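Structure assessment
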Amino acid sequence: GAPGNDCSSSGAAARRMPIPPETKSSLSLFGLYSEKFSFSSGCGLPGRVFASGVPAWEQFIANAPSHLFERRGGAMQFGITTALGLPIKSPNVGRIVLVLYSKHNREKDDALVARMTRDFCSLNPCPRWKLMVDMGNPPLNSSAKAAQQQT
């Protein structure tokens, strides 16, 4: 296509538009909100995509039952309407799930999903994990116990 344009699956040119600052802010805030969640295999959009290995394109997520989209409250607050979960092969962990969000109601485009999956897989994502285990407060050693008793 011409500079600034790309071709959609239908062959029609789609203009690339800059993301307005308020949209960037909403998406960023939804990202921060989402960091508080984790999903087991089969649970929530990321967990369902992870378990099935099949992409999921979900529209009207702010209206979804909370057991299907646990972050519905955040989606409503930040205006998120469409989500696309992509299972991506990773050489070091097997499979990761990449979820993309939009503030616009986007109709499912199977050709776009296939192209995005192929393109992201070609990047060979190798996440680096930082293991954090929350075990409550650490046990107090004898000097800390003595100091605590004196206060």
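Rules used throughout
Residues numbered from 1 in each chain as written. Predicted model: local features only at pLDDT ≥ 70, side-chain atom pairs only at ≥ 80, totals over all residues. Heavy atoms only, no water. Core = buried A, V, L, I, M, F, W, Y, C linked by side-chain atoms within 4.5 Å. Buried < 20%, exposed > 50% of the residue type's maximum accessible area, 1.4 Å probe, protein only. Helix = DSSP H or I, 4+ residues; strand = E, 2+ residues; numbered from the N terminus. Contact = heavy atoms within 4.5 Å. Phe/Tyr/Trp six-rings, centres within 6.5 Å; stacked < 30°, edge-to-face > 60°. Lys NZ or Arg CZ within 6 Å of the ring centre and 35° of its normal.

Membership of the largest hydrophobic core comes to 13 residues, with the highest contact counts inside it found for Phe30, Leu45, Ile61, Phe69, Ala75, Ile80 and Ala83. Secondary-structure elements contributing two or more residues to this core are α2 (44-52) and α3 (72-78). Once residues lying within four places of it in the same chain are set aside, the contact partners of Ile61 are Phe69, Arg72, Ala75, Ile80, Thr81, Thr82, Ala83 and Tyr101. Grouped together as the second largest cluster of nonpolar side chains are eight residues, Trp57, Leu84, Ile88 and Ile96 included.

To continue, consider the packing of aromatic side chains. This structure, assessed with the given rule, holds five aromatic pairs. Ring geometry for Phe30 and Tyr101: centres 4.9 Å apart, planes at 75°, overall edge-to-face. One end of the pair, Phe30, is in helix α1 (residues 21-34); the other, Tyr101, is in strand β5 (residues 94-102), with 71 residues separating them in the sequence. A relative accessible area of 2% places Phe30 in the buried class. Pairwise contacts between aromatic rings join Phe30, Tyr33, Phe37, Phe39, Phe78 and Tyr101 into one cluster. Over the face of the ring belonging to Phe50 we find Arg95, whose NZ or CZ atom lies 5.8 Å from the ring centre.

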